[in-house]
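# Architecture at a glance
Residues per chain, in single letters:
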Amino acid sequence: MKAENVPDTVPADRPYCQFKPYVEKKHTVHPAWLHSPQSAARSIQYGAESCPRTLDILSRFAGVSLHPKLSSSDVDDVVAAIRKVYPQIVPLVR
C-alpha cells in the first residue's frame, strides 16, 4: 500500500486475549471485588482461550484510514490501490 502512496495501519492496541497476568488472574484492589457471590465477573474467563482466533485474524489485518476531508478523487485512488494490492496478498494469507 505504501508503494501506492496509501498509508496503512495495523492495530495499535493489544487484543483482548493478550491480557496482562493481573487481568487474566482477576487480581483487584480488594479481593472480594470480583469474587463475591453476586459478581457476574466470576464466570468470565480471560486469556488466550477466550478468543482463540483473534491473534490469527489480527496478524492478517491492515486498515486504511479515510479522512473526511478527502476528495472523491482521493477516495477513488485509495479504492484503486486496494483493488490492485489485494489480489497480490490474498494468496499469502490463506
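Nothing here was measured: the structure is a model prediction, and the numbers come from that model. (Residues numbered from 1 in each chain as written. Predicted model: local features only at pLDDT ≥ 70, side-chain atom pairs only at ≥ 80, totals over all residues. Heavy atoms only, no water.)

## Notes on the overall build of the protein chain
- Broken down by element type, the protein chain carries 3 helices and 2 strands.
- Secondary structure elements of the protein chain occur, N-terminal to C-terminal, as β-α-α-β-α.
- Out of the 94 residues belonging to the protein chain, those deemed buried represent 15%.
- Element-wise, carbon and sulfur atoms account for 58% of the exposed surface of the protein chain, whose accessible area totals about 7,900 Å². (Helix = DSSP H or I, 4+ residues; strand = E, 2+ residues; numbered from the N terminus. Buried < 20%, exposed > 50% of the residue type's maximum accessible area, 1.4 Å probe, protein only. Areas by Shrake-Rupley, 256 points an atom, 1.4 Å probe, with all protein chains shown as cover.)

## Regarding the confidence of the model for the protein chain
- Of all residues in the protein chain, 74% attain a pLDDT of 70 or more, and the chain-wide mean is 76.
- Looking over the protein chain, one finds the lowest element-wise mean pLDDT in helix α1 (residues 21-24), namely 73, and the highest in helix α3 (residues 72-93), namely 84. (pLDDT = per-residue confidence, 0-100.)

## Here's the deal with a nonpolar patch on the surface
- On the surface, I82, Y86 and I89 cluster together into a nonpolar patch covering about 280 Å² of accessible area.
- One can find I82 in helix α3.
- Since its relative accessible area comes to 36%, I82 is described here as partly exposed. (Patch = residues over 30% accessible without salt bridge, like charges linked within 9 Å, V, L, I, M, F, W, Y side chains within 5 Å. Salt bridge = Lys/Arg side-chain N within 4 Å of Asp/Glu carboxyl O.)

## Remarks on the pattern of salt bridges
- One pass over the full model with this rule turns up 1 salt bridge.
- Measuring nitrogen to oxygen at the nearest pair gives 3.0 Å for the salt bridge that ties K84 to E4. Taken as a pair, K84 in helix α3 and E4 in the segment before β1 (8-9) lie far apart in primary sequence, 80 residues in all.
- Exposure remark for E4: the relative accessible area of 29% places this residue in the partly exposed category.

## Concerning the environment of V79
- Its location among the elements puts V79 in helix α3.
- Separated by 73 residues in the primary sequence, V79 and V6 have C-alpha atoms spaced 9.8 Å apart.

## A closer look at the environment of I44
- For I44, the location among the structural elements is in the loop between α1 and α2 (54-59).
- Sequence spacing of I44 and E24 is 20 residues, and the spatial spacing of their C-alpha atoms is 9.9 Å.

## Observations regarding unusual backbone geometry
- The phi dihedral of N5 falls on the positive side, at around 60°, and the residue is not glycine.
- Here N5 falls in the exposed class, since its relative accessible area comes to 71%.

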